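# Reading the structure
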Amino acid sequence: MQAGSMISSRLLQALRGAKSVAVLTGAGISAESGIPTFRGNEGLWKKFKPEELASVDAFLRNPDLVWEWYAYRKHVVRESQPNAGHRALVDLEALIPDVTVITQNVDNLHQRAGSKNVVELHGNITRNFCNDCGARYDDEAIPETPGVPRCQKCGGLIRPAVVWFGELIPPDQWRLAETAARRANVFFSVGTSGIVYPAASLPLLAKDHGAYVVEINTEITPLSDIVDETIIGKAGDVLPEIVAQLRSPKEDFSQ
Ligand code: BV8
Ligand code: ZN
């Protein structure tokens, strides 16, 4: 499909009049950075099921296995770079007064790309804390031991600072996400399968508060039925195209 045609005039019009934009992102926006998605065919969950690894009891049952999985993902994240999709969201901040990125990702790539307002619904893999006393550890401070590292203060298990299944979204982050969704004139859902809640409830919340809701994904998802439009394409292609068309002066059809 010719690139120029994939951005509807309806979306451009909504963006041109927008004071506030919110963008929910999922693993799909980091796929082009080489970070495997969760549920795609090369998905991270392929070998395991989410509850087998990303939950407290999985960690307590087999801390070495869960820690090794996160140590592998930390390595993948460190070796990766933000891509054109992440950078387009930074560019958007210069064109729209208020842009909030609400991410389900834990890979820190929006922050590394330079996005100013990032809401981390599911935490951040580059941070860790002691499961017993809560002491915080950056990756550099983690003792280099085989298997799960132990807290130097109390001997407890150190875990990644991510939100596991069955754990609450940090209340301050959830409040920021809800506020951004409610006030958005345009709400994007980018690279998420729309399966994990409560994150997947945000597009509908935005729509109920009058936002024009647009999904950007390489395939149809459960959210496709409730959004105003779905753009089938890669985030790294579509988002830069939206920014380029927003930057170019409005075609004046009057002549
Ligand atoms: C909660 C952090 C209240 C860790 C993650 C039954 C039992 C127990 C719980 C539940 C249950 N039913 C529902 C629940 C609630 C549960 C849930 O939603 N489960 C789902 C599986 C049904 N949610 C929770 O537990 C949440 N907490 O509800 O608290 C509570 C408290 C106590 C008891 C009950 C409730 C916490 C959820 C957070 C879990 N943590 N991650 C880690 O990363 O290791 S979730 C994990 O999935 C990641 O964060 C990931 O971001 C997220 C969502 O996945 P996606 O990002 O959407 O990625 P996915 O691979 O699925 O899709 C990628 C998409 O991109 C695809 O659509 C693909 O087509 C597209 N794509 C690919 N390439 C591109 C692309 N798009 C554009 N461009 C491309 N290039
Ligand atoms: Zn401790």
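Small disclaimer: the values here were computed from a predicted structure and weren't measured.

Quick look at the coordination of the zinc ion (ligand 2) now. For the zinc ion (ligand 2), the full set of protein donor atoms is Cys130 (SG), Cys133 (SG), Cys151 (SG) and Cys154 (SG), at a range of 2.2 to 2.4 Å. Geometry at the zinc ion (ligand 2) is tetrahedral, judged from its four donor atoms and the angles of 100 to 117 degrees they form at the metal.

Turning our eyes to something else, we now look at helix 10 (residues 235-247). In a regular helix each residue adds 1.5 Å, so 13 residues correspond to 18 Å; helix 10 covers 18 Å between its end C-alpha atoms and thus fits that length. Looking only at helix 10, the buried set comprises Ala235, Gly236, Val238, Leu239, Glu241, Ile242, Val243, Gln245 and Leu246. Next to the buried residues of helix 10 lie helix 1 (9-16), helix 2 (28-31), helix 6 (84-92), strand 7 (186-190), strand 8 (212-217) and strand 9 (229-232).

For the largest pocket, the calculated volume is near 1000 Å³. Lining the largest pocket are 49 residues, with Ala27, Gly28, Thr37, Phe38 and Arg39 positioned closest to its centre. When residues of the lining of the largest pocket are traced back to their parent elements, those giving at least two are helix 2, helix 5 (63-78) and strand 8. Ranked by the residues each element gives to the lining of the largest pocket, the list is headed by helix 5, at four residues. Within the lining of the largest pocket, the residues separate by chemical class into 24 nonpolar, 17 polar and eight charged. Taken domain by domain, the lining of the largest pocket gets at least three of its residues from each of domain 1 (1-35 + 82-122 + 169-255) and domain 2 (36-79 + 124-162).

Enumeration according to the criterion identifies three aromatic pairs in this entry. Summarising the aromatic geometry, the rings of Trp69 and Tyr70 are spaced 4.9 Å apart at their centres and angled 70 degrees between planes, so their arrangement reads as edge-to-face. Residue Tyr70 is classed as buried on the basis of its relative accessible area of 2%. Connected via pairs of aromatic rings, a cluster forms that spans Phe59, Trp69, Tyr70 and Trp164. Taking NZ or CZ as reference, Arg10 lies 4.3 Å from the ring centre of Tyr212, over its face.

Each assigned domain of the protein chain is listed here: domain 1 (1-35 + 82-122 + 169-255) and domain 2 (36-79 + 124-162). On a C-alpha basis, the centroid separation for the pair domain 1 and domain 2 is 28 Å. Contacts between the two partners involve 15 residues from domain 1, matched on the other side by 14 residues from domain 2. For the pair domain 1 and domain 2, the summed buried area comes to about 1100 Å², and 58% of that belongs to carbon and sulfur atoms. The three residues of domain 1 that bury the most area against domain 2 are Ile35, Val106 and Glu120, which together make up 45% of that side's buried surface. A salt bridge links Arg127 to Glu120, with the shortest nitrogen-to-oxygen separation between them at 2.8 Å. The interface formed by domain 1 and domain 2 contains six residue pairs in polar contact (both at pLDDT 80 or more). Only helix 2 and helix 7 (109-113) provide two or more residues apiece to the side of domain 1 that touches domain 2. Looking at the side of domain 1 that touches domain 2, its residues break down into six nonpolar, six polar and three charged.

Thresholds applied
- Residues numbered from 1 in each chain as written.
- Chains lettered and ligands numbered in written order.
- Predicted model: local features only at pLDDT ≥ 70, side-chain atom pairs only at ≥ 80, totals over all residues.
- Heavy atoms only, no water.
- Donors = N, O, S within 2.8 Å, 3.2 Å for Na, K, Ca; no water.
- Tetrahedral: all angles 85-135°; square planar, octahedral: opposite > 155°, others 65-115°.
- Helix = DSSP H or I, 4+ residues; strand = E, 2+ residues; numbered from the N terminus.
- Expected span 1.5 Å × (residues − 1).
- Buried < 20%, exposed > 50% of the residue type's maximum accessible area, 1.4 Å probe, protein only.
- Contact = heavy atoms within 4.5 Å.
- 1 Å grid on protein atoms, 1.4 Å probe; cavity = no way out; pocket = protein on both sides within 12 Å on 5 of 7 lines; lining within 4 Å.
- Points joined across faces, edges and corners; volume = space filled by probe spheres on them.
- Nonpolar A, V, L, I, M, F, W, Y, C, P; charged D, E, K, R; others polar.
- Domains from an automatic or database assignment.
- Phe/Tyr/Trp six-rings, centres within 6.5 Å; stacked < 30°, edge-to-face > 60°.
- Lys NZ or Arg CZ within 6 Å of the ring centre and 35° of its normal.
- Buried area = accessible area lost by both parts, 1.4 Å probe.
- Salt bridge = Lys/Arg side-chain N within 4 Å of Asp/Glu carboxyl O.
- Polar contact = N/O pair within 3.5 Å; in protein donor to acceptor, adjacent residues only side chain to side chain.

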